[in-house]
Amino acid sequence: MQLIKNIKVGIIVALFLSLGLMSNAFRADLPESQQQSMPLPMLADTLKKDAETGLVADENLYMVKAQCISCHSSKLIIANRFTRDGWKQKIRWMQANHNLWNLGETEKQVLDYLEKHYAPTASAARRKPLKDIKWYKLEEK
């Protein structure tokens, strides 16, 4: 009886995995113009991650690993989102307070990577404040 339940669960898991792979295959066939118009969470799901760090795979990832991950966890990067200037300020703060070395010419590669993949994202904001409100006094009966 337990074996039959395990087989059913395995079939269901395999079905969901195959559906996910098929949907990603169709998404990759979309023209670049349509991929750009997808909501951000959908695009973020399609980015490949580095298995070791969990950071987005990119041509500049090796430099981020060399300059950043040698001192702290990649989770610190993943948990934060800054503009390019914000990331640069963090680097300067680490240099002033935690003996981070001068990144030299590699700083541009690190900042390019961080700005591209870990910049602030637009989120669902609250509605705009109401204007020209006509208030009235509630009268108790």
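Our subject is the structure listed above.
Keep in mind the model is a prediction, meaning the values are calculated, not measured.

Within the protein one finds 7 helices and 0 strands. Scored against the burial criterion, the 141 residues of the protein give a buried share of 22%. Sequence-distant contacts in the protein: of pairs separated by 6 or more residues, those separated by 24 or more amount to 53%. As presented, the protein carries roughly 11800 Å² of accessible surface, and 60% of it is formed by carbon and sulfur atoms.

Looking now at a nonpolar patch on the surface. A contiguous nonpolar surface patch, about 410 Å² in accessible area, is contributed by Leu130, Ile133 and Trp135. On the secondary structure map, leucine 130 appears in the segment after helix H7 (106-117). When its relative accessible area of 57% is taken as the criterion, leucine 130 is described as exposed.

Bringing the pattern of salt bridges into the picture now. Across all of its chains, the model carries 7 salt bridges by this definition. Members of the salt-bridge network, linked through shared partners, are Arg84, Lys108, Asp112 and Glu115.

The next subject is the nonpolar core. Counting 16 residues, the largest nonpolar core has Leu55, Val64, Ile77, Val110, Tyr113, Leu114 and Tyr118 as the members making the most contacts within it. When sequence neighbours within four positions are dropped, the list of residues in contact with tyrosine 113 reads Leu55, Val56, Asp58, Asn60, Leu61, Val64 and Tyr118.

Our focus in this paragraph is the packing of helix H6 (residues 84-97) against H7. Running from N to C, H6 and H7 point in directions that differ by 130°, and their axes come no closer than 9 Å. It follows that H6 is oblique to H7 by the angle criterion. Here H6 and H7 pass one another in a crossing that is right-handed. Of the residues in H7, those in contact with Arg84, Trp87, Lys88, Ile91 and Arg92 of H6 are Glu107, Lys108, Val110, Leu111, Asp112, Leu114 and Glu115. Here the residues of the contact of H6 with H7 are counted per class, giving 5 nonpolar, no polar and 7 charged.

Cut-offs and rules
- Residues numbered from 1 in each chain as written.
- Predicted model: local features only at pLDDT ≥ 70, side-chain atom pairs only at ≥ 80, totals over all residues.
- Heavy atoms only, no water.
- Helix = DSSP H or I, 4+ residues; strand = E, 2+ residues; numbered from the N terminus.
- Buried < 20%, exposed > 50% of the residue type's maximum accessible area, 1.4 Å probe, protein only.
- Contact = heavy atoms within 4.5 Å.
- Areas by Shrake-Rupley, 256 points an atom, 1.4 Å probe, with all protein chains shown as cover.
- Patch = residues over 30% accessible without salt bridge, like charges linked within 9 Å, V, L, I, M, F, W, Y side chains within 5 Å.
- Salt bridge = Lys/Arg side-chain N within 4 Å of Asp/Glu carboxyl O.
- Core = buried A, V, L, I, M, F, W, Y, C linked by side-chain atoms within 4.5 Å.
- Axes fitted to C-alpha atoms, helices over the stretch in contact; angles between N-to-C directions.
- Parallel < 35°, antiparallel > 145°, perpendicular 65-115°, else oblique.
- Left-handed = near helix turned anticlockwise from the far one by under 90°.
- Nonpolar A, V, L, I, M, F, W, Y, C, P; charged D, E, K, R; others polar.

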